[in-house]
Amino acid sequence: MGHAGRTYRSIARYWNVLDPILKGWLADGIESLREITQDDVKRAIATRKGTPARSIHIVLRNVFRALRQEGSIFRDPTRGLVFAGINKPPPSVPSDRLAGVPAMRRITSSAS
């Protein structure tokens, strides 16, 4: 079972995401990707928010999946991790549209 090759552009993009993470892991005394735990991955993702955090999650998941397929590692620390996504508040509803909602009519009429 193999995996698709990556373009130079993809590899460069992956490297830009991985480089600070790998340097951090080295500074923490981790010398092999076999030592990486799910907690290490969670901490790496937690260093960013929103889209950059999602990018870290995707890159690490793809790299560890490929390493596992190649037999370079035996367990994938990203397996089972789910990215919570980007939490954005729902768009606001204009008050003229809310005026037609029965519950809102009761709230506004009882307040007056």
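For the structure itself, consult the block above.
Residues numbered from 1 in each chain as written. Predicted model: local features only at pLDDT ≥ 70, side-chain atom pairs only at ≥ 80, totals over all residues. Heavy atoms only, no water.

1. Details of the overall build of the protein
A count of helices and strands for the protein gives 5 helices and 0 strands. Along the protein, from the amino end to the carboxyl end, the secondary structure elements read α-α-α-α-α. Looking at the protein as a whole, 25% of its 112 residues qualify as buried. The long-range fraction of contacts in the protein, counting pairs at least 24 apart against all pairs at least 6 apart in sequence, stands at 59%. Looking at the protein as shown, the accessible area adds up to about 8,500 Å², and 56% of this sits on carbon and sulfur atoms. (Helix = DSSP H or I, 4+ residues; strand = E, 2+ residues; numbered from the N terminus. Buried < 20%, exposed > 50% of the residue type's maximum accessible area, 1.4 Å probe, protein only. Contact = heavy atoms within 4.5 Å. Areas by Shrake-Rupley, 256 points an atom, 1.4 Å probe, with all protein chains shown as cover.)

2. What about the nonpolar core?
Membership of the largest hydrophobic core comes to 19 residues, with the highest contact counts inside it found for Ile21, Trp25, Ile56 and Leu60. Sorting elements by how many residues they give to this core places helix α3 (residues 50–70) first, with 6 residues. Apart from the residues within four sequence positions on either side, Ile21 is in contact with Ala44, Ile56 and Leu60. (Core = buried A, V, L, I, M, F, W, Y, C linked by side-chain atoms within 4.5 Å.)

3. Remarks on the pattern of salt bridges
Scanning the model with the defined rule gives 2 salt bridges in all. A salt bridge links Lys23 to Asp19; its shortest N-O distance comes to 3.1 Å. Residue Lys23 and its partner Asp19 are located together in helix α1 (residues 8–27), separated by 4 residues, close to a single helical turn. For Asp40, the salt bridge identified is with Arg43, shortest N-O distance 2.6 Å. Residue Asp40 and its partner Arg43 are both found in helix α2 (residues 38–46); the two are separated by 3 residues, about one turn of the helix. A relative accessible area of 9% means that Asp40 is categorised as buried. (Salt bridge = Lys/Arg side-chain N within 4 Å of Asp/Glu carboxyl O.)

4. Describing the environment of Tyr14
Of note, Tyr14 is situated in helix α1. On the accessibility criterion, Tyr14 (15% relative accessible area) is buried. Expressed as a C-alpha distance, the spacing of Tyr14 and Val59, which sit 45 residues apart in the sequence, is 6.1 Å.

All quantities given are derived from atomic positions and should not be read as evidence of function.
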